[in-house]
Amino acid sequence: MAEKVMQLKCYCNQYPWGKQGSNSLSARLCSNTPGTDFKIDENTPYSEMWMGTYPELPSYVLETGEDLQDVLDKHAPVLIGKNVIDRFNHTKIPYLPKVLSIAKALPLQLHPNKTLASELHSRSPSDYTDPNHKPEIAVALSDFEAFCGFKSLEDLKRLLQLPPLQPFLPTVKKPIFDDQTLKHVVKSMLVASAEAIARTNDALMALPREDFGKDGYIQDMIPRLSEQYDKTDNGTVIALITMNYLRLKAGDAIYIPADGIHAYLSGDIIECMARSNNVLNTGFCPRADRDSVDLFSSTLTFTPHDAEECILPSEPFKRAKNGKTTLYAPPLTEFSMLAIDLGQEENETVEKLGGPSIFIVTKGEGTLKVDGKEHKLSEGYIFFVGVDTKMEFRSENGLQIFLAFVE
Ligand SMILES: [Zn+2]
């Protein structure tokens, strides 16, 4: 018989954009995760803690040390459930939750759709390690800055009238500025030489701030991004001119569809995505690490197309009894996310979910009761919970949990 509730050991990776040492929430949570032997080195950046069963950074069952995927394969019907197995045709968890701690811009990126992903995977399996798409959501745990989707055509048309940006427009002027014009602009920014990008950034800095209208922030950000990468990095111009710049507060969320352009800039977030690790990078990374400009620009989608469209709304979760649970439900079959927030002496009951869930305690302490058995909860504790399991959470002094699930 498999345990329905299993405490997990998960690990953190060390991309250079991560927050340093104990400034990194992902590192702090990981160092509090029992069984990991993880010690924070103050000179190392820690970027992402992964909590799914993707082979690159898998999760292990704390009690037995087994790879969680091996346990799921053995007991799939009772842990994953027939509905989810039939829908996805495998016994894996169809989503991958992560905690990200971001000190500087992540590569400017998009995650290819299913058709392209399976093509890339069969052509180059070492670069594209699965045939799946990777739409994702990011829920802010702190102040969070991100570039996400494109500005409205109206705003783009206005900004691209600025003299330093006109070289990126098509030479044959069309009467309207549409998505084809935008595609041309993005592509010419991507292929522009290092010198041309540096020249553009200098010329933009030399303009009076009023010329940018409501986008005056562009002049604040050029020096900041140039310091993080370089003023010759194509990512600066693309992100600042064509993309929405969002500043979110804890609890706010964004949704990135497959093929959607994005670059996260700073903050701590819970991210969840379809089970995939495919990415096309173009900026905010060394030129040698960039994927093909043609591939990137031919894959681009034009949603979202203004800042509002990037936001993923939340709502009270109806199947939690005490109103302490918020639902984030992106338009996807792979997952939704719950945020459970308990104050002093509060409790919450989450009714049975129709598929497996994974949760992490991001703050506080408490207990989880399942079938009469009590599990201790504390910051950095991570659990897998099998299908059809009622969960009763309780806290004396406050508890915050993020739970990803599918059904
Ligand atoms: Zn991404």
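Residues numbered from 1 in each chain as written. Predicted model: local features only at pLDDT ≥ 70, side-chain atom pairs only at ≥ 80, totals over all residues. Heavy atoms only, no water.

As recorded in an unreviewed UniProt entry, the chain goes by the name Mannose-6-phosphate isomerase, listed as coming from Lojkania enalia. Quoted verbatim from the Pathway (unreviewed entry) field of UniProt, the annotation for the chain is "Nucleotide-sugar biosynthesis; GDP-alpha-D-mannose biosynthesis; alpha-D-mannose 1-phosphate from D-fructose 6-phosphate: step 1/2." Reading the Sequence similarities (unreviewed entry) entry of the UniProt record for the chain gives the comment "Belongs to the mannose-6-phosphate isomerase type 1 family." (UniProt positions renumbered as here; feature names shortened; annotations may be inferred.)

*Asks:* Teacher, can you tell me more about the overall build of the chain here?
*Replies:* Looking only at helices and strands, the chain features 12 helices and 21 strands. Compactness check: the chain gives a C-alpha radius of gyration of 22 Å against a globular reference of 22 Å for 407 residues, within 12% of the reference. Counting only C-alpha atoms and orienting by the principal axes, one finds that the chain spans roughly 70 × 45 × 40 Å. In the chain, which comprises 407 residues, the share counted as buried stands at 60%. Long-range contacts, defined here as pairs at least 24 residues apart, represent 76% of the contacts in the chain between residues at least 6 apart. (Helix = DSSP H or I, 4+ residues; strand = E, 2+ residues; numbered from the N terminus. Rg over C-alpha atoms; globule rule 2.2 N^0.38 Å. Buried < 20%, exposed > 50% of the residue type's maximum accessible area, 1.4 Å probe, protein only. Contact = heavy atoms within 4.5 Å.)

*Asks:* Looking at this structure, how should I read the packing of helix H7 (residues 179-191) against helix H10 (residues 234-242)?
*Replies:* For any two helices packed against each other, one specifies the inter-axial angle together with the distance between the axes. Contact pair H7 / H10: the axes reach a minimum separation of 8 Å and the direction vectors enclose 155°. It follows from the interaxial angle that H7 and H10 lie roughly antiparallel. Crossing of H7 over H10 shows right-handed handedness. Where H7 abuts H10, its residues Leu182, Val185, Val186, Met189, Leu190 and Val191 lie against Asn234, Val237, Ile238, Ile241 and Thr242. Residues belonging to the contact of H7 with H10 are distributed by class as follows: nine nonpolar, two polar and no charged. (Axes fitted to C-alpha atoms, helices over the stretch in contact; angles between N-to-C directions. Parallel < 35°, antiparallel > 145°, perpendicular 65-115°, else oblique. Left-handed = near helix turned anticlockwise from the far one by under 90°. Nonpolar A, V, L, I, M, F, W, Y, C, P; charged D, E, K, R; others polar.)

*Asks:* Help me out: how do you make sense of the coordination of the zinc ion in this one?
*Replies:* Note on metal geometry: ideal angles are 109.5 degrees for four donors arranged tetrahedrally and 90 or 180 degrees for six donors arranged octahedrally. Only Gln109 (OE1), His111 (NE2), Glu136 (OE) and His262 (NE2) from the protein reach the zinc ion as donors, at distances of 2.1 to 2.4 Å. With four donor atoms in place around the zinc ion and angles of 79 to 163° between them, the coordination shape is irregular. Counting residues between consecutive donors of the zinc ion along the chain gives the motif Q-x1-H-x24-E-x125-H. By the burial criterion, Gln109 is buried, and His111 matches it. (Donors = N, O, S within 2.8 Å, 3.2 Å for Na, K, Ca; no water. Tetrahedral: all angles 85-135°; square planar, octahedral: opposite > 155°, others 65-115°.)

*Asks:* So what exactly am I meant to see when it comes to the UniProt feature "binding site: Zn(2+)" (unreviewed entry) in the chain here?
*Replies:* Residues annotated in UniProt with the feature "binding site: Zn(2+)" (unreviewed entry) correspond here to Gln109, His111, Glu136 and His262. The largest pairwise C-alpha distance within this set of annotated residues, which runs over 154 residues, is 12.3 Å, so the set is compact in three dimensions. Restricting the annotated residues just mentioned to those that line the largest pocket leaves Gln109, His111, Glu136 and His262. With residues near it in sequence (within four places) discarded, Glu136 still touches His111, Ile254, Tyr255, Ile256, His262, Tyr264, Glu271, Cys272 and Met273. Tracing the backbone through its elements, the reader meets His262 in strand S13 (residues 262-274). By relative accessible area, His262 is classed as buried at 1%. Within polar-contact distance, the side chain of His262 engages the side chain of His111 at 3.2 Å. (1 Å grid on protein atoms, 1.4 Å probe; cavity = no way out; pocket = protein on both sides within 12 Å on 5 of 7 lines; lining within 4 Å. Polar contact = N/O pair within 3.5 Å; in protein donor to acceptor, adjacent residues only side chain to side chain.)

*Asks:* Can you walk me through the packing of helix H9 (residues 217-228) against H10 in this structure?
*Replies:* Two elements in contact, H9 and H10, have axes whose closest approach is 10 Å; the angle formed by their N-to-C orientations is 160°. Taken together, the axes of H9 and H10 are roughly antiparallel relative to one another. In this structure, H9 meets H10 at a crossing whose hand is right-handed. Contacts between H9 and H10 involve Tyr217, Ile218, Met221, Ile222, Leu225 and Ser226 from the former and Thr236, Leu240 and Ile241 from the latter. Split into classes, the residues belonging to the contact of H9 with H10 amount to seven nonpolar, two polar and no charged.

*Asks:* What exactly am I supposed to notice about helix H8 (residues 194-206) here?
*Replies:* Side chains that are three or four residues apart share a direction in an α-helix, a result of its 3.6 residues per turn. The first and last C-alpha atoms of H8 sit 19 Å apart over 13 residues, in line with the 18 Å expected at 1.5 Å per residue. Burial in H8 covers these residues: Ala194, Ala196, Ile197, Ala198, Thr200, Asn201 and Leu204. Those residues of H8 that are buried lie in contact with H7, H9 and H10. (Expected span 1.5 Å × (residues − 1).)

*Asks:* Would you mind showing me how to read the pairing of strand S10 (residues 144-150) here?
*Replies:* Side chains on a regular strand alternate between the two faces of the sheet. Within S10, seven of the seven residues are buried, which leaves the element mostly enclosed by the surrounding structure. As judged from the six bridges shared by S10 and strand S11 (residues 243-248), these two strands associate in the antiparallel manner. Bridge pairing in S11 links Ala146 to Leu246. Alignment of S10 against S13, held across four bridges, turns out to be antiparallel. If you follow Phe147 over to S13, its bridge partner there is Ala263. (Pairing = 2+ DSSP bridges.)

*Asks:* I would appreciate a short explanation of the UniProt feature "domain: Phosphomannose isomerase type I C-terminal" (unreviewed entry) in the chain in the present structure.
*Replies:* Feature annotation in UniProt assigns "domain: Phosphomannose isomerase type I C-terminal" (unreviewed entry) to the following positions: residues 327-372. A helix fraction of 0% and a strand fraction of 67% characterise residues 327-372, whose end C-alpha atoms lie 26 Å from each other.

*Asks:* Can you help me understand empty space enclosed by the protein in this one?
*Replies:* Empty space among the atoms can be located by rolling a probe the size of a water molecule over them. Using the criterion set out here, one finds one cavity of 30 Å³ or more in the structure. Of the volumes computed, that of the largest cavity is approximately 40 Å³. Looking at the largest cavity, the residues that line it are Met51, Pro97, Ile270, Met337, Ile358, Ile360, Phe402, Leu403 and Ala404. The set of elements that each furnish at least two residues to the lining of the largest cavity consists of strand S18 (357-370) and strand S21 (391-405). When grouped by side-chain class, the residues that make up the lining of the largest cavity number nine nonpolar, no polar and no charged. (Points joined across faces, edges and corners; volume = space filled by probe spheres on them.)

*Asks:* Just checking my understanding: could you explain the state of the cysteines for this structure?
*Replies:* Working definition: the covalent bond between the sulfur atoms of two cysteines is a disulfide. Overall, the coordinates contain zero disulfides when judged by the stated rule. Unpaired in this structure, Cys10 has its nearest cysteine sulfur neighbour in Cys30, at a distance of 7.8 Å. Residue classification places Cys10 among the buried residues on the basis of a relative accessible area of 0%. Note on Cys148: no disulfide assigned, nearest cysteine sulfur contributed by Cys310 at a separation of 3.0 Å. For Cys148, a relative accessible area of 0% gives the class buried. (Disulfide = S-S within 2.5 Å.)

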